[in-house]
Amino acid sequence: QVQLVESGGGLVQAGGSLRLSCAASGRTYGMGWFRQAPGKDREFVSCISWGGGSTDYADFVQGRFTISRDNAKNMVYLQMNSLKPEDTAVYYCAVARMLNCRTSAGDYDYWGQGIQVTVSS
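No experiment lies behind these values; they were computed from the predicted model shown. (Residues numbered from 1 in each chain as written. Predicted model: local features only at pLDDT ≥ 70, side-chain atom pairs only at ≥ 80, totals over all residues. Heavy atoms only, no water.)

Draft legend 1. View of the state of the cysteines. The full count for this structure, using the stated rule, is 2 disulfides. Here C47 engages in a disulfide with C101; their sulfurs sit 1.8 Å apart. Every disulfide takes its handedness from the sign of the S-S torsion; for C47 and C101 that torsion is 80 degrees, giving right-handed. Placement of C47 in strand 5 (residues 43-48) and of C101 in the loop between strand 9 (89-96) and strand 10 (108-111) is noted, with a sequence separation of 54 residues between them. C101 shares its class with C47; the two are buried. What connects to what in the protein, once the bonded cysteines are numbered by sequence position, is 1-3, 2-4. (Disulfide = S-S within 2.5 Å. Helix = DSSP H or I, 4+ residues; strand = E, 2+ residues; numbered from the N terminus. Buried < 20%, exposed > 50% of the residue type's maximum accessible area, 1.4 Å probe, protein only.)

Following this line, the structure appears as structure tokens:
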């Protein structure tokens, strides 16, 4: 079993930055961030392989977000810059069932509770 706890969310003005953190207990593999806005489906944001050498981002990120991980601390991070009101959502971190970077939610076995990110205009 893996437990995940997200932190670092909150309210920020458009153009601002936030850094999301995800603390994992237990063995982790590839990890990812997803988000879900009100009335919308959960969508992929970013993923990172176990070794950190492979990453992927959703098209809407457009170079604004950076995913990273520290396996010694069992942590994964999402640095979000140039935030837009449309980035407002609950953000979830998740652990995949394989080592590589995965973009499909169906490839993830464990999920955090989610953390709210609100970007005001």
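Draft legend 2. Summary view of the sheet that holds strand 3 (residues 18-25). The sheet built from 4 strands is open, its strands ordered 1-3-8-7 with antiparallel pairing. The open sheet has two free edges, formed respectively by strand 1 (3-7) and strand 7 (65-70), since each of these has just one partner strand. This sheet shows a mean twist of 15 degrees between the axes of neighbouring strands, independent of strand direction. With 6 bridges joining them, strand 7 and strand 8 (residues 75-80) adopt antiparallel strand pairing. From the neighbouring strand, R69 faces strand 8, where its bridge partner is V76. (Pairing = 2+ DSSP bridges. Axes fitted to C-alpha atoms, helices over the stretch in contact; angles between N-to-C directions.)

Draft legend 3. Here's a closer look at the pairing of strand 11 (residues 115-120). Going residue by residue along strand 11, you find I115, V117 and V119 tucked away on one face and Q116, T118 and S120 left uncovered on the opposite face. Here strand 9 runs beside strand 11; their pairing, made up of 3 bridges, is antiparallel. Bridging from a neighbouring strand, V90 pairs with Q116 of strand 11.

Read these as spatial facts, not as claims about activity.
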